[in-house]
Amino acid sequence: MSEIRPNFSNSCSLEELIGGHFNARSALASGDYEGALIKADAENDAATFAAALIMCGAVHRGFEQLCNLEKLDDDLKMYQAYAYWCMDQPQEALDLLSEITSSEYSLQVECLHNYIERKNLNILFLCNRNTTPETLEASLGNISLQVVVVDETSWTKDIRECIPDCFGPDLLISYNVVDKELPRGVFNLEIPNTFRTGDTDFGLSSQFDSLKQADIIICNSVHEHRDLREMYCGRIASFPAFSLYRDTTNFNLQDNIKKWDIFLSGNSFIPHMSEKSRLAFRLAMLDDPDLKINIKNGYLYNQEYQKVIGQSKFVPMSVRWLGLLQTRALDAVRYGAMNLYPDDVPIKLMIKCADVAFHEYSEASFEDNIRNHIANYNQYRIDLENDHISVEEEFKNIFPPSPAKEIRLAKFSLFQHSLQNGIKNRIKSEQGIERKLPVAWRTTEGTAMKELSSWTDSAWQSALDLDDLVTATTAAFQVFCSQPTDTNIVTHVSETFERSSLRFPQSLILAFNRACFSWMSGDRDTALREFLRASELCENGDFDPSRQNLLSHLVEDLQEFMPYQLYFDSVVSDLRKRDTGAKGSRNIILASVKTYLGLNDLQTGQIDAGITNLKAAIELCPAHFLAARLLTKALYANDTDPAEVAKWFYRAVNLSTVAVLISNAN
């Protein structure tokens, strides 16, 4: 069945992602360091390549290459000075900066010089419980680090309440702390700020108001950099070598007994991880009965995970954001497994030892690549054993342990502020003290229902704006998900949607979310009425996808009809293009409405009407695999010509393998 070969590549090519840069030097200046690395390699620009290595995190290797060049431009000397600072040689950095005489860089040089020369720089690091480093307080060189751990109630506090006594911060770094966790007054502090962000698509509505005010936004990949720089006005910088992991230095390269040829874990069987599910499908379809493949749907605890990796020869990577260096890849190297990476990810440019531990596959020749790599595993293993000392050394240099990695992030951030000349491009937006809910307010503990049920009619009419009510109804839905059989909860959520819809009858998101909730809770009449209303609002209803989110993509029942990954990709695209009407995103919502309506038709015996709705869904959104899957079933049930049914079957499977994988896994 050669027709079933789903494409698991990203929608964007590297050429498209870095095409906005004139050359490698312009990519470097923009902060797209991974893009600069790629372009410098293609252009044989050794100086820019070395500077990009430094900024990607390979500081020692990039520094050595810069030192081997006879003459450096003044701007590149700044990168060399930054490398000296990272290697704890501040005087050498200051001496080098004093050699830069060009007036073009005088402000940047002065700013960086002041940072390096200062006896003490206090860095306030905001983390949540998922991103808290091992060390909450540390000093290294002239950097002093103080970590403040926040939670979803921190928006009620002023940032000054969170700052320890006698600690006057010179820089604030937020690591994935945004809107709902961000204390008040952060943007009123007279110090620069930096936001390290992730999940810039699925987390868009919970980050937008914070990131639009940020001075510096640090991301991981070339893909994220392209999207962020076209959505926000602050400086965007990619830093792929910053790892979330607390322990990045523990290596265990002993020759464990290998039970598995290939091990793949994580959320593989969900629609918003389609790249991984398609990769898993191709692995499962390998025509070799001797292969031992372990596909784990979900995540293992640390010790068990490390044990299984140690028992595996290869760990394949799927990449939703091109360029992304995944923590899973670091694990594989540290525990003696080989990485299988897409050939369009430039990881070998950044990590020298990648030639030993990282092996490529292409989508076109995937099956042959896998067989060849497995056949050559013994030689790969010998190479890794022979080079393990240099591998460990390079990884420890690129991915230092806490607190060194947080201090490096601080220096990286201060360097970005130097390059900005202290200019603040952010949009100022006050956090209103009387606001009852932050933009991304939510809870899973039931307090949402207690709060909403206590409001008077006056509160409903005046306390919240549309964005807040979308957030409030989403929070109420989260409570319903935790107790779906509690009739009192269902009634409260229904009333919350009803009152919100009465307040803002032109809101597309409120109508669509209400319809989805009603469908899940069994109120089919309300669901159909709201879906029909949403279909009308898709044309010109009120809709701000940057702040108004759909019901959670993590709820399995909702994934059956809404292609969340397509939707969020479209939202990012609309924002990048400054398409205020968000036509593409509206069309995906409308296609999903047609999918729900089509299923209702099929379930009530109206097969022709169902087919019409499902074909309309696919016309609106050709990649809507959920509609294609239902349409295949409907055509088969309607005694359609087998060739036509087969055509839709192959199209549905190639768009998404989730249904096939789930049935195989059960």
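Here we summarise the structure given alongside this text. (Residues numbered from 1 in each chain as written. Predicted model: local features only at pLDDT ≥ 70, side-chain atom pairs only at ≥ 80, totals over all residues. Heavy atoms only, no water.)

1. Let's talk about the packing of aromatic side chains
In plain terms, the rule: Any two of the Phe, Tyr and Trp rings considered here, Trp counted by its six-membered ring, make a pair once their centres fall within 6.5 Å; the pair's planes then place it as stacked at under 30 degrees, edge-to-face at over 60, or tilted in between. Under the DSSP-based scheme used, a helix requires at least four consecutive residues in state H or I and a strand at least two consecutive residues in state E, with every element numbered from the N terminus. Partly exposed describes any residue whose relative accessible area lies between the buried limit of under 20% and the exposed limit of over 50%, with all areas from a 1.4 Å probe on protein chains only and scaled to the type maximum. Any Lys NZ or Arg CZ that is within 6 Å of a ring centre and within 35 degrees of that ring's normal is treated as a charge sitting over the ring.
Throughout the structure, instances matching the rule amount to 26 aromatic pairs. Consider the rings of F63 and Y84, whose centres lie 4.8 Å apart with planes at 70°: the pair is edge-to-face. Separated by 21 residues along the polypeptide, F63 in helix 5 (residues 59–67) and Y84 in helix 6 (residues 74–86) bring together distant segments of the chain. Given a relative accessible area of 17%, Y84 falls into the buried group. Just above the ring of W519 sits the side chain of R524; from NZ or CZ to the centre is 3.7 Å.

2. Things to note about the sheet that holds strand 6 (residues 216–219)
The test is simple: Each pair of strands is called paired provided DSSP finds at least two bridges between the two strands. Axes, fitted as lines to C-alpha atoms, cover a helix only where it is in contact. Angles between the N-to-C directions of the axes lie from 0 to 180 degrees.
Pairing within the open sheet is mixed, and its seven strands lie in the order 2-3-1-4-5-6-7. At either end of the open sheet lies a strand with only one pairing partner, and these are strand 2 (137–140) and strand 7 (235–238). For this sheet, the mean angle separating the axes of adjacent strands, direction not counted, is 20°. Bridge analysis of strand 2 against strand 3 (residues 143–149) gives four bridges, and the strand direction is antiparallel. For E137, the partnering residue across the bridge sits in strand 3 and is Q146.

3. Details of the pattern of salt bridges
Here is the rule: Every case where a carboxyl oxygen of Asp or Glu lies within 4 Å of a side-chain nitrogen of Lys or Arg is listed as a salt bridge.
All chains considered together, the criterion is met by 25 salt bridges. Its salt-bridge partner being R226, residue E16 comes within 3.9 Å of it at the nearest N-O pair. Linking E16 in helix 1 (residues 14–18) with R226 in helix 11 (residues 222–229), this pair joins segments that are 210 residues apart in sequence. A salt bridge links E539 to K583, with the shortest nitrogen-to-oxygen separation between them at 3.8 Å. Of this pair, E539 sits in helix 26 (residues 524–540) while K583 sits in helix 29 (residues 583–603); the two residues are 44 residues apart in sequence, bridging distant segments of the chain. Its relative accessible area of 41% is what places K583 among the partly exposed residues. A single network of salt bridges, built from pairs that share partners, joins E16, R226, D227, E230 and R576.

4. Comments concerning the packing of helix 8 (residues 106–117) against helix 20 (residues 404–419)
Geometrically, a packed helix pair is captured by the angle between its two axes and the distance between the axes. Put simply, the test is: To sort the angles, those under 35 degrees are grouped as roughly parallel, those over 145 as roughly antiparallel, those from 65 to 115 as roughly perpendicular, and the leftovers as oblique. In this scheme the handedness of a crossing depends on how the near helix is turned from the far one: anticlockwise by less than a right angle means left-handed, clockwise means right-handed. In this analysis, two residues are considered to be in contact whenever any of their non-hydrogen atoms come within 4.5 Å of each other. Here the term charged refers only to Asp, Glu, Lys and Arg, the term nonpolar to Ala, Val, Leu, Ile, Met, Phe, Trp, Tyr, Cys and Pro, and the term polar to all other amino acids, Gly among them.
Between helix 8 and helix 20, the least distance of the axes is 8 Å, while the angle of their chain directions is 150°. Judged by the angle between their axes, helix 8 and helix 20 are roughly antiparallel. Relative to helix 20, the crossing made by helix 8 is right-handed. Where helix 8 approaches helix 20, its residues Q108, C111, L112 and Y115 are matched on the opposing element by L414, F415, H417, S418 and L419. Of the residues assigned to the contact of helix 8 with helix 20, the class counts are six nonpolar, three polar and no charged.

5. Brief notes about the nonpolar core
Let me state the cut-off plainly: Nonpolar core, defined: a set of buried Ala, Val, Leu, Ile, Met, Phe, Trp, Tyr and Cys residues in which side-chain atoms within 4.5 Å join the residues together.
Counting residues in each nonpolar core, the largest one holds 120 residues, and the members touching the most others are I351 and F395. In this view, I351 contacts R61, L325, E394, F395, I398 and F399; residues no more than four positions away in its chain are not counted. Counting residues in each nonpolar core, the second largest holds 93 residues, with L172, V490, A582 and L630 among its members.

6. Side note on the environment of L286
Along the polypeptide, L286 turns up in the loop between helix 12 (274–284) and strand 9 (293–295). On a C-alpha basis, the gap between L286 and F366 in space is 9.6 Å, while along the polypeptide they are 80 residues apart. Residue contacts for L286: discarding those within four places in its chain leaves L291, I293, E367 and I370.

7. Structural notes on the sheet that holds strand 9
Spatially, five strands are ordered 9-8-10-11-12 in an open sheet, and the strand pairing comes out parallel. Edge positions in the open sheet fall to strand 9 and strand 12 (358–361), since each of these has one partner strand only. Across the sheet, the mean angle from the axis of one strand to that of its neighbour is 25°, orientation sign disregarded. The pairing of strand 8 (residues 260–264) with strand 9 spans three bridges and is parallel. Note that in strand 9 the partner of I262 across the bridge is I293. Packing of helix 13 (residues 302–310) onto the sheet brings it into contact with strand 8, strand 9 and strand 10 (312–316), and relative to strand 8 it is tilted by some 140°.

8. As for the environment of T200
Along the chain, T200 falls in the loop between strand 5 (193–196) and helix 10 (204–211). By relative accessible area, T200 is classed as buried at 6%. Leave out the neighbours within four places in its chain, and T200 touches Q207, E224, L228, W321 and V572.

9. Here we look at the packing of helix 4 (residues 46–56) against helix 6
The N-to-C vectors of helix 4 and helix 6 enclose an angle of 35°; their axes lie 10 Å apart at closest approach. In the packing of helix 4 onto helix 6, the handedness of the crossing is left-handed. Residues A47, A51, I54 and M55 of helix 4 form the contact with helix 6, whose participating residues are L76, Y79, Y82 and A83.

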